[in-house]
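Coordinate inspection notes
Listed below are the residues making up each chain.
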Amino acid sequence: VKHEMMQSLGLEPGYSLQPKSREHLLQYQPKAEELPPRSMQDSFSSAIIPLSTDRLMQDKYMNFYGNVRMGRLMEDMDMFAAWCCHRHLFVPTLPEGVYLPYTFVTILVDNIDFAANPTLGSQDIRLSGHVSWVGSSSMEVVVWLEQVVDGQINPVTHALFLMGARNATNTAAAPVNTIEPTNEKEKKILAGGAERKWRRQEWTSKSGQFQPTDEEIAIISDLHSITSPRDTLKLNIRNLPENSSWIKDSFQTSTTASFPEHRNHHNRVFGGYLMRTAVEISWVAAFLHSRSRPFLKQISEIAFQKPVPVDSLIKMTAYVVYTWHNFLQIRTVCDVIDHDTGAQVTTNTFNFTFAVKEDIVVPQVLPLSIHETIWYTHGRRTFEKSGLF
């Protein structure tokens, strides 16, 4: 898939400090009215991750439990979503031999639910997907994963990726083909995409706001009550209940350099690589807090706010912000550090829901500051929205 995309875009293997110019392709950028409608079947594609026969690939995909690393699958799904966008686009005015004058970027990933059973690292996994809705320059792509075990098809997960179409130099939005549904099923899928667009706009408009409900205000009051000593009125004294920890102490962090293997053709880090890194540090945070093996159950909406240059240092910090029985809600912050100035900018925030065995009650986390209280409340909202309990 990656090889075919590189051929379509006219990209060559190898890293260069200054990416090869694609400015000459701007003259072939089509107008919206020049693009014919496409069906969902036009963009449908399927690919196999051959884990049953490729031992070297097994080493890359398998964790020490013998199951598949979910972060690797997220990385593959992001790449596959871009491939479906390639298949959807049809530019009849493009001369033969001229490369596709487009660039695709990941804008947002919707909620992702994972199957209850672990995904085996020794069995093939099939990726399938297609474009399910389009805007003027954006495409929603549904991608799902399945694994065949003992003749049975086991669902692994499915996700909705919102991809942006940009021009050849990634300096402006580019138009895409509309979708013309060919049957009732496609009409229903297309209508669902329009509804999800409205929901995303509402989520984006409220993502930076925090207004606790009456119920949440009562919970915050209770949290303050159980952590405040009753034998003194001194300020800034808090007591930590047994089998609990403060959110500020319940985190894991890692700082890594990004490398050319993680880049796109504009020398920006792939969104899929950031997702993989976030998943894996979050798993570590859940493991060390619960002292038990955690299973990834859900990933909430992921918005890619800023591009990450390939020469950046990437700092991931995973906080346990809420717990309930055997569930842990993890909030992971991705910061990019400029290697020359040391300036640090947050580019992404991820929300993961993990679970351990049902007979284990994980230690409670409690907020100490106002900022932590906001995160605790947000984590509780995210968990309750998941519908996992």
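Scope of this entry: the structure provided in the associated data block. (Residues numbered from 1 in each chain as written. Predicted model: local features only at pLDDT ≥ 70, side-chain atom pairs only at ≥ 80, totals over all residues. Heavy atoms only, no water.)

**Overview of the overall build of the protein**
Note the following rule: Helix and strand definitions here come from DSSP, where helices need a minimum of 4 consecutive H or I residues and strands a minimum of 2 consecutive E residues; each element is numbered from the N-terminal end. This radius of gyration counts C-alpha atoms alone. The globule rule is 2.2 Å times how many residues there are, raised to the power 0.38. The buried label applies to any residue whose accessible area, calculated with a 1.4 Å probe on protein chains only, is under 20% of its type's maximum; exposed applies above 50%, and partly exposed to all values in between. Between two residues, a contact is recorded if the distance between any of their heavy atoms is within 4.5 Å. Only the protein chains shown count as covering a residue, and every accessible area follows the Shrake-Rupley method with a 1.4 Å probe. The charge count treats Lys and Arg as positive and Asp and Glu as negative. His and the chain ends do not count. Taken as the charge centre is NZ of Lys, CZ of Arg, CG of Asp or CD of Glu, depending on the residue.
Check the secondary structure of the protein and you find eight helices and 14 strands. Compactness check: the protein gives a C-alpha radius of gyration of 23 Å against a globular reference of 21 Å for 389 residues, within 12% of the reference. Across the 389 residues in the protein, those meeting the buried criterion constitute 47%. Counting contacts in the protein only where the partners sit at least 6 residues apart, residues at least 24 apart contribute 75% of the total. Surface summary for the protein: the accessible area is close to 19,900 Å², and the carbon and sulfur share equals 53%. Within the protein, one finds 37 positive and 41 negative side-chain charges whose respective centroids are separated by 2 Å.

**So, the pattern of salt bridges**
Short version of the rule: We define a salt bridge as a side-chain nitrogen of Lys or Arg found within 4 Å of a carboxyl oxygen belonging to Asp or Glu.
All told, the structure shown has ten salt bridges when counted by the stated rule. Taking the shortest distance from any N to any O, the salt bridge between R69 and E280 comes out at 2.8 Å. Of this pair, R69 sits in the loop between α3 (55–61) and α4 (70–88) while E280 sits in helix α7 (residues 271–290), and the two are 211 residues apart along the sequence. Overall, the relative accessible area of 25% leaves E280 in the partly exposed class. Among the ionic pairs, E215 bridges to R380, the shortest N-O distance being 3.1 Å. Here R380 lies in helix α8 (residues 370–386) and E215 lies in helix α6 (residues 214–227), a separation of 165 residues in the sequence. The class of R380 is buried, set by a relative accessible area of 10%.

**A closer look at the state of the cysteines**
For the record, the criterion: A pair of sulfur atoms, both from cysteines and within 2.5 Å, is called a disulfide here.
This structure, assessed with the given rule, holds zero disulfides. Cysteine C84 shares no disulfide, and the gap to the nearest cysteine sulfur, in C85, comes to 7.1 Å. Classification of C84 as buried rests on a relative accessible area of 0%.

**Quick look at the packing of α4 against α7**
In a packed pair of helices, the relevant descriptors are the angle between the two axes and the axis-to-axis distance. Put simply, the test is: To get an axis, fit a line to the C-alpha atoms, keeping to the stretch in contact for a helix; angles then go from 0 to 180 degrees between the N-to-C directions. Reported orientations rely on four angle classes, namely roughly parallel under 35 degrees, roughly antiparallel over 145, roughly perpendicular from 65 to 115, and oblique for the rest. Each crossing gets its hand from how the near helix is turned against the far one by less than a right angle, where anticlockwise is left-handed and clockwise is right-handed. Charged residues are taken to be Asp, Glu, Lys and Arg, nonpolar residues to be Ala, Val, Leu, Ile, Met, Phe, Trp, Tyr, Cys and Pro, and polar residues to be all remaining types, Gly included.
Across the interface, α4 lies against α7 with an axial gap of 8 Å and an inter-helix angle of 165°. Accordingly, the angle class assigned to the pair α4 and α7 is roughly antiparallel. Of the two possible hands of crossing, α4 and α7 adopt the one that is right-handed. Along the contact surface, α4 presents M70, G71, R72, M74, E75 and D78, while α7 presents G271, G272, Y273, M275, R276, V279 and E280. Residues that form the contact of α4 with α7 fall into these classes: five nonpolar, three polar and five charged.

**Topic: the pairing of strand β2 (residues 102–109)**
Using the following cut-off: Two strands qualify as a pair provided that DSSP identifies no fewer than 2 bridges between them.
For β2, a buried count of six out of eight residues is recorded, marking the element as mostly surrounded by other parts of the structure. Pairing of β2 with strand β6 (residues 152–167), which is carried by seven bridges, proceeds in the antiparallel orientation. Following the sheet pairing, T106 is matched in β6 by M163.

**Quick notes on the environment of D340**
Formally: A 3.5 Å cut-off defines polar contacts: any pair of N or O atoms within that distance qualifies, except that in protein one atom must be a possible hydrogen donor and the other a possible acceptor, and neighbouring residues in sequence count only when both atoms are side-chain atoms.
Checked against the element boundaries, D340 lands in the loop between β12 (327–337) and β13 (344–355). Since its relative accessible area comes to 64%, D340 is described here as exposed. With 270 residues separating them along the chain, D340 and M70 place their C-alpha atoms 33 Å apart. Within the structure, the side chain of D340 is placed 3.1 Å from the side chain of H339, a separation counted as a polar contact.

**Describing the nonpolar core**
Spelled out, the test is: Among buried residues, those of type Ala, Val, Leu, Ile, Met, Phe, Trp, Tyr and Cys that are joined through side-chain atoms within 4.5 Å constitute a nonpolar core.
Membership of the largest hydrophobic core comes to 85 residues, with the highest contact counts inside it found for L73, Y102, F161, L274, I299, F350 and F352. Looking at this core, the element that brings in the most residues is α4, giving eleven residues. With residues up to four places along the chain from it excluded, the contact list for F352 reads A278, V279, S282, L296, Q298, I299, L328, Q329, I330 and T332.

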